[in-house]
Amino acid sequence: MTQIKGCYLHYRDVLHNKMPGGIEKKVAAQIKAFNDAGLACDFILCEQPETTVSKVLSCLPFFSDGIKWPDPSKMAEYSYVYIRRPRFASKELLQFLRNTKKENPHVQIIYEIPTYPYDGEMRTPIFYPAFIKDRMNRKHLRKYLNRIAVLVDEEEVFGIETIKITNGIDLSHIVPKAPVPNLDEVHIISVARFERWHGIDRLVSGMLDYYQKGSSQRRIVLHVVGTGGVLKPLVKWIKNAGLESSVLFHGYCNSAELDSLYDQCSLAVESLGFHRRAGLTVSASLKSREYLAKGIPFISANEIDLFPDKPVDFFLQIPSDETSVDIDKLLEFHDSLYASESQESLIKRMRAFAEAHIGMNQAMQKVTNYILENN
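### A look at the overall build of the protein
Right, on to step 1. A tally of regular secondary structure across the protein gives 13 helices and 15 strands.
Right, on to step 2. The C-alpha atoms of the protein give 22 Å as radius of gyration, which agrees with the globular expectation for 375 residues (21 Å, within 12%).
Right, on to step 3. Dimensions along the principal axes, computed over C-alpha positions, put the protein at roughly 70 × 45 × 35 Å.
Right, on to step 4. By the burial criterion, 51% of the 375 residues in the protein qualify as buried.
Right, on to step 5. Excluding contacts between residues fewer than 6 apart, the proportion of contacts in the protein whose partners are at least 24 apart in sequence is 74%.
Right, on to step 6. Summed over all atoms, the accessible surface of the protein reaches about 17700 Å², with 53% contributed by carbon and sulfur.
Right, on to step 7. Here the protein carries 46 positive and 46 negative side-chain charges, and the mean point of each set is 6 Å from the other.

And the structure:
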């Protein structure tokens, strides 16, 4: 029997990236899941504009998206093509899809939309021209796509039947954290490429309120790991508030550095500003998966897709609004959880939950089954 062969198209190099972020790790794990299912998968890098000027120009009318789409004639050997959504749907994307189907009418083309709906995050002044481009071009996607892979419960997107996937991770690359030697001080970690919707300002505001109550309060330290434009004003605010010793910015950390920070912390932060993204209420973030795999309890201002029908005690949902985080309630959650069982037991229990629900092979199973059934 001839092996089914396909390719994965993405605009970040997941094979040679020396500083992979969550997206690069996810794509690499998805490719591994295809191969594990017996679907030989090549990776094709579709380079896109990187400079600010080239990014802006690509958004404007009458300018190309700047993406180096593959030669459609080279798609003839593939039974499936899996594409992770670029910044916006373009006429160049449609041309690539049209010519790929012309060269290979039987190829199954699956288009992943990691965040849906996404219109809210595109309606910014600088990105609005790209939003218009996307609106114009995406209505033609149904001519060429076989399925759209989404993380939400939608049967159709843009008139195209969907395949429901979940955000999974390669658990073999994530080591469970070590117990914290001292729980009297509460060290909290937040790992992200920070945007407004991560809402880390809400936690800092809550810490400021907490410390202003008096000097006898417990020490709380927030470890901010990652980069992002929203951090610059946050750093200035923290300096003016005198919180430099309580909010530590670590920037990008490699795997060993990140593991060391996790071992110091007993609580983590997912997203506290999800309501700032229009139309989104439930998160399926990669970060929630990483926290589960590490075995660290976490908080969020939104629902987590894994928990609605599986209530868990290691997750705390706080109000989804602009109020400061209530640190007293945060400490109550933290202390009651660690008083009920040993750290070792909690870490093991969370890891077991991760292994049962978020392995990438399981997360991509509906996609791999679809390809197998249609070849």
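Here the narrative resumes, following the displayed structure.
### A word on the sheet that holds strand β6 (residues 156–157)
Right, on to step 1. In spatial order, the strands read β2-β1-β3-β4-β5-β7-β6; together these 7 strands make up an open sheet with mixed pairing. Bordering the open sheet on either side are β2 (39–45) and β6, each of which pairs with just one other strand.
Right, on to step 2. Two strands pair when backbone bridges link them, and strand β3 (residues 80–84) and strand β4 (residues 108–113) are joined in this way by 5 bridges, in the parallel orientation. Residue Tyr-82 lies in a different strand from β4, and its bridge partner there is Ile-110.
Right, on to step 3. Against the sheet, helix α1 (residues 22–36) touches β1 (4–10), β2, β3 and β4, its axis set at about 150 degrees to β2.

### Section: the layout of surface pockets
Right, on to step 1. Space inside the second largest pocket adds up to approximately 460 Å³.
Right, on to step 2. Lining the second largest pocket are 21 residues, with Lys-25, Asp-170, His-173, Ile-174 and Glu-290 sitting closest to its centre.
Right, on to step 3. Contributions of two or more residues to the lining of the second largest pocket are made by α1, α8 (255–264) and α9 (286–294).
Right, on to step 4. The dominant element in the lining of the second largest pocket, judged by the number of residues it contributes, is α1, at 6 residues.
Right, on to step 5. Taken together, the residues that form the lining of the second largest pocket break down as 9 nonpolar, 4 polar and 8 charged.

### A word on empty space enclosed by the protein
Right, on to step 1. Across all of its chains, the model carries 3 cavities of 30 Å³ or more by this definition.
Right, on to step 2. Approximately 40 Å³ is the volume attributed to the largest cavity.
Right, on to step 3. What lines the largest cavity is simply Leu-9, His-10, Tyr-11, Cys-46, Ile-67, Trp-69, Ile-83, Arg-84 and Pro-86.
Right, on to step 4. The residue inventory of the lining of the largest cavity, partitioned by class, reads 7 nonpolar, 1 polar and 1 charged.

### With respect to the nonpolar core
Right, on to step 1. Ile-188, Ile-189, Leu-203, Leu-222, Leu-292, Phe-307 and Ile-327 are the most contacted members of the largest nonpolar core, which totals 59 residues.
Right, on to step 2. Ignoring any residue separated from it by four or fewer positions in sequence, one finds Leu-203 in contact with Ile-188, Leu-222, Val-269, Leu-272, Val-325, Ile-327 and Leu-330.
Right, on to step 3. Among the nonpolar cores identified, the runner-up in size contains 34 residues, and Cys-46, Tyr-144, Val-150 and Val-157 belong to it.

### Structural notes on helix α11 (residues 343–357)
Right, on to step 1. In this model α11 runs 21 Å from its N-terminal to its C-terminal C-alpha over 15 residues, within 8% of the 21 Å that 1.5 Å per residue would give.
Right, on to step 2. Taken residue by residue, α11 has Gln-343, Leu-346, Ile-347, Met-350, Arg-351, Phe-353 and Ala-354 as its buried positions. The arc that holds the buried residues of α11, viewed along the axis, is 155 degrees, so those residues lie on one side. Pointing more than 90 degrees away from the buried face of α11 are the exposed residues Lys-348 and Glu-355.
Right, on to step 3. In the core, the buried residues of α11 are packed alongside α9 and α10 (327–340).

### Focus: a positive patch on the surface
Right, on to step 1. A cluster of basic side chains, namely Arg-98, Lys-139, Arg-142 and Lys-143, defines a positive patch on the protein surface.
Right, on to step 2. Looking at the secondary structure, you find Lys-139 in the loop between α5 (128–138) and β5 (147–150).

### A few points about the side chain of Ser-283
Right, on to step 1. Residue position: Ser-283 is located in strand β12 (residues 282–283).
Right, on to step 2. By relative accessible area, Ser-283 is classed as buried at 2%.
Right, on to step 3. Contacts of Ser-283, omitting those with residues within four sequence positions, involve Glu-270, Phe-274, Asn-302, Glu-303, Ile-304 and Asp-305.

### Overview of the sheet that holds strand β13 (residues 298–300)
Right, on to step 1. Spatially, the 6 strands line up as an open sheet ordered β10-β9-β8-β11-β13-β15, and their pairing is parallel. Every interior strand has two partners, whereas the edge strands, β10 (247–251) and β15 (315–317), have only one. Geometrically, the sheet is characterised by an average inter-axis angle of 25 degrees between neighbouring strands, direction not taken into account.
Right, on to step 2. Alignment of strand β11 (residues 267–269) against β13, held across 2 bridges, turns out to be parallel. Counted as the bridge partner of Val-269 is Ile-299 from β13.
Right, on to step 3. The sheet strands contacting helix α6 (residues 200–211) are β8 (186–191), β9 (220–225), β10 and β11, and the helix crosses β9 at an angle near 160 degrees.
Right, on to step 4. Contacts between α10 and the sheet are confined to β8, β9, β11, β13 and β15, with β15 contributing the most and set at about 155 degrees to the helix.

About the cut-offs
- Residues numbered from 1 in each chain as written.
- Predicted model: local features only at pLDDT ≥ 70, side-chain atom pairs only at ≥ 80, totals over all residues.
- Heavy atoms only, no water.
- Helix = DSSP H or I, 4+ residues; strand = E, 2+ residues; numbered from the N terminus.
- Rg over C-alpha atoms; globule rule 2.2 N^0.38 Å.
- Buried < 20%, exposed > 50% of the residue type's maximum accessible area, 1.4 Å probe, protein only.
- Contact = heavy atoms within 4.5 Å.
- Areas by Shrake-Rupley, 256 points an atom, 1.4 Å probe, with all protein chains shown as cover.
- Lys, Arg positive; Asp, Glu negative; His and termini not counted.
- Charge placed at Lys NZ, Arg CZ, Asp CG, Glu CD.
- Pairing = 2+ DSSP bridges.
- Axes fitted to C-alpha atoms, helices over the stretch in contact; angles between N-to-C directions.
- 1 Å grid on protein atoms, 1.4 Å probe; cavity = no way out; pocket = protein on both sides within 12 Å on 5 of 7 lines; lining within 4 Å.
- Points joined across faces, edges and corners; volume = space filled by probe spheres on them.
- Nonpolar A, V, L, I, M, F, W, Y, C, P; charged D, E, K, R; others polar.
- Core = buried A, V, L, I, M, F, W, Y, C linked by side-chain atoms within 4.5 Å.
- Expected span 1.5 Å × (residues − 1).
- Arc of directions from axis to C-beta.
- Patch = residues over 30% accessible without salt bridge, like charges linked within 9 Å, V, L, I, M, F, W, Y side chains within 5 Å.
- Salt bridge = Lys/Arg side-chain N within 4 Å of Asp/Glu carboxyl O.

Spatial relationships are all this shows, so hold off on functional conclusions.
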